[in-house]
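What follows is each chain in one-letter form.
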Amino acid sequence: MMAQRPPWPVYFMDIADLVARRSTCLRRRVGAVAVKGKRILATGYNGAPSGIPHCLDVGCLREQEGIPSGERHELCRGIHAEQNVIIQAAYYGVSIEGSTLYCTNLPCVICSKMLINAGIREIFYREGYSDTLSDALLRAAQIPVIQFSGKD
């Protein structure tokens, strides 16, 4: 008897989990995958820009400065997973307009604004803290944000 194949959302969220394992963030490992037509367009994880020392190597600036989670996102050497999805797609000339984002965490307000302009049509996430401005912007842009239960 053949093992049951996972449904597409489970498959793509499992891949986002795997991508998160490449993260170099000491606080939270996040992975993201942009998908269109059951095809992966780009992946991203959170970490320092190419050629810049990673937090794993030099420590966490946010920890050193005592910055609480969810605040002052600009005070970090890392790029968010969602930002890296957009950057990787652009770098390789792949449009992510109309795609679905599978992300291990709920996007912050900065990432939400970027995802809106990149043309993401829906977002699946596993966990994360709510950001009222992010929620309002995504609602105004009519982008469904669905918490992933693992059974979808």
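A quick note: this is a predicted structure, and the numbers were derived from the prediction, not measured. (Residues numbered from 1 in each chain as written. Predicted model: local features only at pLDDT ≥ 70, side-chain atom pairs only at ≥ 80, totals over all residues. Heavy atoms only, no water.)

Caption draft 1: Structural context of helix α4 (residues 81-91). Burial in α4 covers these residues: A81, E82, Q83, N84, V85, I86 and A89. In the core, the buried residues of α4 are packed alongside β1 (31-36), β2 (39-45), β3 (100-105) and α5 (109-118). Positive backbone phi, at 70 degrees, marks G93, one or two positions downstream of α4. (Buried < 20%, exposed > 50% of the residue type's maximum accessible area, 1.4 Å probe, protein only. Helix = DSSP H or I, 4+ residues; strand = E, 2+ residues; numbered from the N terminus. Contact = heavy atoms within 4.5 Å.)

Caption draft 2: Examining the environment of V19 more closely. The topology assignment puts V19 in helix α1 (residues 8-20). Separated by 66 residues in sequence, V19 and V85 have C-alpha atoms that sit 11 Å apart. When sequence neighbours within four positions are dropped, the list of residues in contact with V19 reads G31, A32, V33, T43, G44 and Y45.

Caption draft 3: Examining a nonpolar patch on the surface more closely. A cluster of nonpolar residues, Y91, Y92 and V94, forms a patch on the protein surface that exposes about 370 Å² of accessible area. Tracing the backbone through its elements, the reader meets Y91 in helix α4. (Patch = residues over 30% accessible without salt bridge, like charges linked within 9 Å, V, L, I, M, F, W, Y side chains within 5 Å. Areas by Shrake-Rupley, 256 points an atom, 1.4 Å probe, with all protein chains shown as cover. Salt bridge = Lys/Arg side-chain N within 4 Å of Asp/Glu carboxyl O.)

Caption draft 4: Highlighting the environment of A48. Looking at the element boundaries, A48 is found in the loop between β2 and α2 (55-58). Each C-alpha atom, one on A48 and one on F12, is 24 Å from the other, the two residues being 36 residues apart in sequence. With residues up to four places along the chain from it excluded, the contact list for A48 reads T24, P53, H54, R77 and G78.

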